[in-house]
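What the coordinates show
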Amino acid sequence: MNKPIILYIFSGICVLASLSGSAQTLSQREAIARIVANNAGVKGIQASGNADVLSLQNDNTLPDPEVSGGYLFGDGTDNRWELEVSQGFAWPGLYGAQKKVIGSVSAANEERRRVAALTVAGQARQQMVRGTYLTQHLSLLERLKANMDSLAHSIEYGYNKGELTLLDLKKVRFEIFRLDTQIAQVRSERQKVESALTALNNGENIAVDMTQYDVEPLNALSYYLDKARQSPEIALSDRAIETARLEGEAARMGRLPSLSLGYKHSIEDGHSFNGVTAGISVPVFSGRKARQAAQARQTAAEYDRAQTANDIETQVSALYDQTLRQQDLLKHFSPVVLDDEYPELLLMAYHGGETNVITLIQEMNYYLQARQEYLEADYAYRAGLASLNRYDLPF
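Report on the accompanying structure. (Residues numbered from 1 in each chain as written. Predicted model: local features only at pLDDT ≥ 70, side-chain atom pairs only at ≥ 80, totals over all residues. Heavy atoms only, no water.)

**A few points about the sheet that holds strand β4 (residues 271-281)**
Spatial ordering of the open sheet is given by β1-β2-β3-β4, a layout of 4 strands whose pairing is antiparallel. Two strands in the sheet have a free side with no partner beyond their single neighbour: β1 (66-72) and β4. Looking at each pair of strands side by side, their axes are set apart by 15 degrees on average, direction ignored. The pairing of strand β3 (residues 258-268) with β4 spans 11 bridges and is antiparallel. What sits directly across from G262, in β4, is T277. (Pairing = 2+ DSSP bridges. Helix = DSSP H or I, 4+ residues; strand = E, 2+ residues; numbered from the N terminus. Axes fitted to C-alpha atoms, helices over the stretch in contact; angles between N-to-C directions.)

Here it is as structure tokens:
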């Protein structure tokens, strides 16, 4: 009788453990890795690349053997029949040349997958940076609202005793309503971030710690330029050049004759004959422009590579300058803006009779505006830093 009860308890524990595991909050790096692993777009590009390689491998094989036969009959003579089995094949060096093309295409597909993975990782990272900014903004608003709630309670107490006016109480309640509106807007924006992360994670909810930004240094410009020159975008362009060059070599080999060998057996006038056949196909008309087309693709790929490298380096340099300016701005204003005791000091001044409600609300709004501008500047800095460090992600 006790065994079923024990089994039910054990099953319940397992279910609770699985639920708690599914709701585990991940670090931003862990969440990015999971999103890239689950993203359908990245999987689709990888599957498409595998299909292309398999198709090329399928084409780079010997043609099927051919079997042919005939039967001849006539008046006053024995009938005659024959059977032939033959195997054709391209010039032997062509298969090796096409195998090199396939290897280059496979390597290009891996670079294409890396580009897609880094793109998705970059999108997820930017969403998490924005989510962190919104979380910190929400924390600021909720803290100020708590202070205003405390002030409203104090004023309401004074109003009930006849020491304060209804006008003072309404002013504070108006300010609380304004803060509530901003809090609702920020929560809505954060929900959009969570929805975007879910979409990137193939529709699966993912819990991410977005309370603090990841600690990332701002390195020298040369560091980011070196990383950019080794980026998968440029590697993909290099593979395109290499593939076009190898296709030109394969096209040159394709201009060489193809051969066929066979075995033939025939019966004629009661006599049996066995022998071999040989054939050659000279590509006089076909494939005359194939090599030139490959050379043209190589030239186009070289131009594309140069343009890609120039665009990436220009973007990195501009982004670095912008991020560096944001860093300098934060260094100058952090000591002034990050005074976390300011709202409480204002309340102390009010309760001590050193200021009135209007002045207190104005000062609170000045503080809120300064902190919001600081959070926006910090957000811009963190977003730029995340973009600069995208090539440090292990994808």
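Picking up after the structure, the text goes on.
**What about helix α9 (residues 342-351)?**
Side chains of residues three or four places apart in an α-helix project in the same direction, reflecting 3.6 residues per turn. Taken residue by residue, α9 has P343, L346, L347, A349 and Y350 as its buried positions. Buried residues of α9, seen end-on, are gathered within an arc of 160 degrees and therefore sit on one face of the element. The positive-phi residue at the C-terminal boundary of α9 is G353, with phi of around 80 degrees. (Buried < 20%, exposed > 50% of the residue type's maximum accessible area, 1.4 Å probe, protein only. Arc of directions from axis to C-beta.)

**Quick notes on the nonpolar core**
Core analysis: the biggest nonpolar cluster contains 68 residues, and I35, M128, M148, L151, V172, L197 and F395 have the highest contact counts within it. Looking at this core, the elements with two or more residues in it are α2 (28-38), α4 (92-160), α5 (166-200), α6 (221-229), α8 (290-337), α9 and α10 (357-388). For F395, the contacting residues outside a window of four places in its chain are I32, A33, V36, R113, R114, A117, L118 and A121. Of all hydrophobic cores here, the second largest spans 10 residues; its members include A90, L94, L246 and M253. (Core = buried A, V, L, I, M, F, W, Y, C linked by side-chain atoms within 4.5 Å. Contact = heavy atoms within 4.5 Å.)

**A word on the packing of aromatic side chains**
As enumerated under the stated definition, the model contains 3 aromatic pairs in all. Centroid distance Y133 to Y379: 4.8 Å. Interplanar angle 15 degrees. Geometry classified as stacked. Of the two residues, Y133 sits in helix α4 while Y379 sits in helix α10, which places them 246 residues apart along the sequence. Here Y224 and Y320 contribute two aromatic rings whose centre-to-centre distance is 6.0 Å and whose plane-to-plane angle is 50 degrees, an arrangement assigned as tilted. Pair noted here: Y224 is in helix α6 and Y320 is in helix α8, with a separation of 96 residues, a long-range link. The burial state of Y224 is the same as that of Y320; both residues are buried. Members of the aromatic cluster, each reached through a chain of ring pairs, are Y223, Y224 and Y320. (Phe/Tyr/Trp six-rings, centres within 6.5 Å; stacked < 30°, edge-to-face > 60°.)

**Thoughts on a nonpolar patch on the surface**
A cluster of nonpolar side chains, V67, Y71, F73, W81, L83 and V85, forms an exposed patch at the surface whose accessible area comes to about 640 Å². Breaking the nonpolar patch down by element, the ones donating at least two residues are β1 and β2 (80-89). It is β2 that contributes the most residues to the nonpolar patch, 3 residues altogether. Tracing the backbone through its elements, the reader meets W81 in strand β2. (Patch = residues over 30% accessible without salt bridge, like charges linked within 9 Å, V, L, I, M, F, W, Y side chains within 5 Å. Areas by Shrake-Rupley, 256 points an atom, 1.4 Å probe, with all protein chains shown as cover. Salt bridge = Lys/Arg side-chain N within 4 Å of Asp/Glu carboxyl O.)

**With respect to the layout of surface pockets**
The gaps left among the atoms become clear once a water-sized probe is rolled over them. When its volume is computed, the largest pocket comes out at roughly 210 Å³. Per-element tally for the lining of the largest pocket: the top contributor is α4, with 5 residues. Counted by class, the lining of the largest pocket contains 7 nonpolar, 3 polar and 2 charged residues. (1 Å grid on protein atoms, 1.4 Å probe; cavity = no way out; pocket = protein on both sides within 12 Å on 5 of 7 lines; lining within 4 Å. Points joined across faces, edges and corners; volume = space filled by probe spheres on them. Nonpolar A, V, L, I, M, F, W, Y, C, P; charged D, E, K, R; others polar.)

**Quick look at the side chain of E111**
You can see E111 is positioned in helix α4. If we ignore the near neighbours within four places in the chain, the residues touching E111 are P232, A235, L236 and R239.

**Considerations on the side chain of R113**
The residue R113 is located in helix α4 in this model. The residues touching R113, leaving out its near neighbours within four places in the chain, are V42, I45, Q46 and F395.

**Examining empty space enclosed by the protein**
On inspection of all chains with the given rule, the structure shows 2 cavities of 30 Å³ or more. Lining the largest cavity we find Q28, R125, V129, Y213, D214, E216, R382 and A386. Tallied by class, residues from the lining of the largest cavity come to 3 nonpolar, 1 polar and 4 charged. Of the volumes computed, that of the second largest cavity is approximately 40 Å³. Every residue along the wall of the second largest cavity is listed here: L144, M148, E175, L179, M364, N365 and L368. When residues of the lining of the second largest cavity are traced back to their parent elements, those giving at least two are α4, α5 and α10. With 3 residues, the single largest contributor to the lining of the second largest cavity is α10. Here the residues of the lining of the second largest cavity are counted per class, giving 5 nonpolar, 1 polar and 1 charged.

This is a description of form; function is not addressed.
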